[in-house]
Amino acid sequence: MPEYREVLAHFFTLLWLFLFHQYTSSWYVIALWADASDKEAQRLKHIPGVKEGHVYQLTAETTAVRGSRYVQTSLWPHMWRKTPSKPNPPPIQTLQLRGLSTTNRAIILDLGPLHLKSGMIPSIRKVDKKSRAFRVVLALEFQDFVLAFLSRDLLSQPTWATSKESLPPTPPDLFHEYFAFLECVASWMSSRRNCARDGLACDEIRAWNATWSGIGVYTVCELFFDAGLSPFLTERELFDSPSRTARFCEAFWTFAHRSHIDLPQLLKQCTIDGILAPTKEQRLTYKDWLHVYAKDRVRTSPRLAILIDEYKLQLSNLAASEDVWYRDTTPLYDTFEPEYIFPALKENVKKRVVLGHLIFGHEQWDTLRGYLGSDDDIGDDPLSLHYSTLGLLNSNSHLRPNFYQTLLPGDNQNKRSMRKTYVYQGDKKGDKQTWSVTPTFPLNSRVDRKARNPSSTPNLIVGKERESLLFKHIVLNSSDVAIGPLEYCGNGRVIYTSHGEKLVSAVRGNPTLDPSLVERDLKGIIRRKEGLEKKGKRKGAMKPRHRKLGEQIKETLRSSSVSSRSSLIIPSSDDNIYPSDNLSDDLRLPSSDDLPSSDSPPDLLSLSSDARPLKKRRISQDKYIAMGGKENDIPSEQRSRRSCSLRKS
């Protein structure tokens with residue numbers, strides 16, 4: 001499912017673009033476009049471009065659908081489809097983008113008569129889907145722009161509705177509605193009380209996205225680490241403990257808080273000409289945002305390092321025993337560092353509630369919150385009411401007694417320690433990676449005396465396979481994407497000319513760029529994919545099959561009609577495109593002559609066809625003298641060299 005931080009990043013990017021051009025461009029929809037699925041392509045091969053893998057224009061007769069098998073939705077607005085009972089539905093051109101909003105999982109476009117809810121919105125150009133390595137689920141063409149919902153596998157699901165209220169309900173955004181979010185969590189826990197709840201908590205959280213919206217594969221690992229929890233706890237072990245549940249909720253709020261506060265600056269520095277196009281160096285900066293997922297080692301405070309070492313030693317001793325042991329009675333303390341959720345513990349204005357009393361207990365929280373000057377009302381939150389009703393309010397916190405004297409590490413704790421991570425994966429196809437700072441439970445452990453015997457444990461990944469999963473390795477040594485708000489199949493590509501000029505291409509094989517630049521970029525992708533370019537190692541020579549592929553690329557580019565070098569004209573990252581900044585009134589926009597015809601797929605971003613200015617010819621010194629030294633015909637830097645040469649002679 002979409003991760004909280006990724007959806008928010010797309011929302012920010014689209015919001016800035018819309019606000020900047022809201023009054024200088026037309027936002028009426030011209031047409032809808034989409035990629036055909038493999039089965040659809042066979043049926044639609046008579047449509048120009050479909051056979052070659054290009055997007056095709058949708059019409060009121062289009063019946064294509066997307067989404068899961070039993071909840072598929074139509075690409076064309078189903079209420080505006082042409083049918084015998086409705087031969088003249090409203091034209092799509094009556095739709096106008098008037099505003100946008102976001103949930104934890106999707107972006108909602110206000111198009112006037114209709115609303116559209118869908119996933120992610122990067123950018124595309126007219127390139128076949130095999131070359132661009134992603135699929136266009138749905139694209140909305142406007143006068144100067146195209147907004148494209150992209151996916152690697154066409155699994156994104158657009159949903160049309162006549163009003164925002166008639167869209168499928170979404171859970172509250174915990175950052176803006178934390179109290180309502182806690183009510184939703186309490187209601188979900190109550191509905192699960194009569195279930196066995198023996199499955200892993202992290203799997204259940206990812207599955208129940210109606211409650212835990214925005215928590216995906218990597219976010220769940222990050223939240224378990226921030227909350228000091230083992231990702232191998234069962235649902236019952238996590239949600240029968242007020243302390244563990246409160247820590248997890250506060251960790252989620254802290255995660256959302258940093259996303260809203262720091263994400264705009266991260267995106268701004270990676271935006272070139274309005275396209276999100278991070279370089280490798282910029283992509284690597286997100287590694288510092290991660291605490292455990294896809295990291296080789298974790299940087300911890302000394303007190304957390306102590307807890308981790310004690311946890312691993314205790315687990316090792318228990319695993320060596322032949323006796324079965326029970327996790328509900330064995331002193332195995334959670335590896336919790338309050339520093340990771342400190343923003344949530346000190347913030348009680350925006351959130352309305354702080355869960356410190358559930359995390360530490362009333363007595364210890366009275367001491368710790370005195371340090372913050374906090375005056376929240378203890379016991380007035382939905383989680384406290386839920387656990388009080390069940391009689392679990394004073395359950396085991398699983399925290400080491402008398403260990404936390406302050407919420408933040410003291411002066412003697414400033415020195416950081418490094419601890420290695422573990423990564424596990426199940427045997428089933430599609431099982432997700434689980435990253436942790438502590439190992440999984442051994443086979444001789446049980447949740448309690450009522451629990452069933454575990455059938456197996458996940459596989460520990462080591463060696464080169466583990467190295468290939470590291471965030472840093474993926475960014476530096478492969479052409480694949482890692483995780484995070486800067487990692488998308490539809491990201492723009494930064495291409496440098498031989499003169500060091502930085503250009504941005506919306507996709508691989510952009511036909512508007514110089515063929516030599518496109519060829520070099522595509523060959524670079526091949527080299528990285530084949531492992532011929534690894535940081536710290538000599539570049540390997542391309543094998544015959546690589547050279548053959550390079551020749552195919554060259555031939556394809558030679559046979560295709562490529563226009564002269566074009567430049568994108570929407571604002572760069574240095575321009576003021578943020579909501580709080582003033583909008584420019586004199587922004588140069590393309591004329592109607594620049595717009596694509598309705599018969600051809602549109603470019604995502606309007607392009608001007610400004611040709612590169614011709615260089616002045618260099619002439620020999622003899623010819624310069626024969627011309628009588630007409631300096632006006634020679635560039636200034638050549639002029640200085642010629643003058644210097646004449647003086648020497």
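Structural notes, computed from the coordinates. Throughout this description, residue numbers start from 1 for each chain and increase along the sequence as written. Local features in this predicted model are restricted to residues of pLDDT 70 or higher, and side-chain atom pairs are both shown and tallied only at a pLDDT of 80 or more, whereas totals for entire chains, interfaces and linings draw on every residue. Excluded from the side-chain calculation are hydrogens and water; included are all heavy atoms of the structure.

**A few points about the pairing of strand β13 (residues 297–300)**
Residues V298 and T300 line the buried face of β13, whereas the alternating positions R297 and R299 sit on a face that is not buried. Only strands that DSSP links by at least two bridges are regarded as paired with each other. Numbering of helices and strands runs from the N terminus; a helix is a DSSP stretch of H or I covering at least four residues, while a strand is a stretch of E covering at least two. Direction of pairing for β13 relative to strand β15 (residues 417–420): antiparallel, over a ladder of four bridges. Considered in β15, the bridge of V298 is made with R419. Burial classification: accessible surface area is computed with a 1.4 Å probe over protein chains only, and a residue below 20% of its type maximum counts as buried, one above 50% as exposed, and the rest as partly exposed.

**Notes on the pattern of salt bridges**
A pairing counts as a salt bridge when a side-chain nitrogen of Lys or Arg comes within 4 Å of a carboxyl oxygen of Asp or Glu. Per the stated rule, a full pass over the model turns up 23 salt bridges. D198 serves as the salt-bridge partner of R236, at 3.3 Å between the closest nitrogen and oxygen. You can see R236 sitting in helix α7 (residues 235–239) and its partner D198 sitting in the loop between α4 (178–191) and α5 (201–207), a full 38 residues away along the chain. On the accessibility criterion, R236 (16% relative accessible area) is buried. Residues R247 and D334 are paired through a salt bridge, measuring 2.9 Å at the closest nitrogen-oxygen approach. With R247 in helix α8 (residues 242–268) and D334 in the loop between β14 (325–326) and α11 (342–346), this pair connects stretches of sequence that are 87 residues apart. Overall, the relative accessible area of 0% leaves R247 in the buried class. Under the relative-accessibility criterion, D334 is labelled buried at 4%. A single salt-bridge network, built from bridges that share partners, covers R192, E204 and E235.

**Thoughts on the nonpolar core**
Take the buried Ala, Val, Leu, Ile, Met, Phe, Trp, Tyr and Cys residues and link them wherever side-chain atoms come within 4.5 Å; each set so joined is a nonpolar core. Counting residues in hydrophobic clusters, the biggest one holds 139 residues, and the most contacted among them are L109, L140, W212 and F360. Sequence-distant contacts of L109, that is, excluding residues within four places in its chain, are made with L14, L97, G99, L100, L114, H115, L116, L140 and F149. Ranked by size, the runner-up nonpolar core spans ten residues in total, among them A31, V55, V146 and L150. Between two residues, a contact is recorded if the distance between any of their heavy atoms is within 4.5 Å.

**A look at the side chain of R5**
Relative to the assigned elements, R5 resides in helix α1 (residues 4–21). The sign given to each residue is positive for Lys and Arg and negative for Asp and Glu; His and the chain ends receive no count. The side chain of R5 sits in the buried core without any salt bridge; E222 is the nearest counter-charge, 6.3 Å away. Excluding its chain neighbours within four sequence positions, the residues that come into contact with R5 are Y218, F255, R258, S259, L263, Y286, W289 and P485.

**Section: the sheet that holds strand β2 (residues 56–57)**
Pairing between sheet strands relies on hydrogen bonds along the backbone, with the strands arranged either parallel or antiparallel. In space, the four strands of this open sheet follow the order β2-β1-β8-β9, with antiparallel pairing throughout. Each end of this open sheet is capped by a strand with a single partner; those strands are β2 and β9 (146–151). Alignment of strand β1 (residues 31–34) against β2, held across two bridges, turns out to be antiparallel. Within the sheet, the bridge partner assigned to W33 lies in β2 and is Q57.

**Some details on unusual backbone geometry**
Positioned with a positive phi, R352 is a non-glycine residue whose angle comes to about 75 degrees. Assignment of secondary structure puts R352 in the loop between α11 and α12 (356–360). In this model, H398 sits at a positive phi of 65 degrees, which is unusual for a non-glycine residue. By the secondary structure assignment, H398 is in the loop between α14 (382–390) and β15.

**Structural notes on helix α10 (residues 302–320)**
Residue count minus one, scaled by 1.5 Å, sets the expected span of a helix. The first and last C-alpha atoms of α10 sit 27 Å apart over 19 residues, in line with the 27 Å expected at 1.5 Å per residue. Within α10, burial applies to P302, R303, L304, A305, L307, I308, Y311, L315 and L318. On the buried face of α10, the contacting elements are α6 (217–226), β13, β14 and β15.

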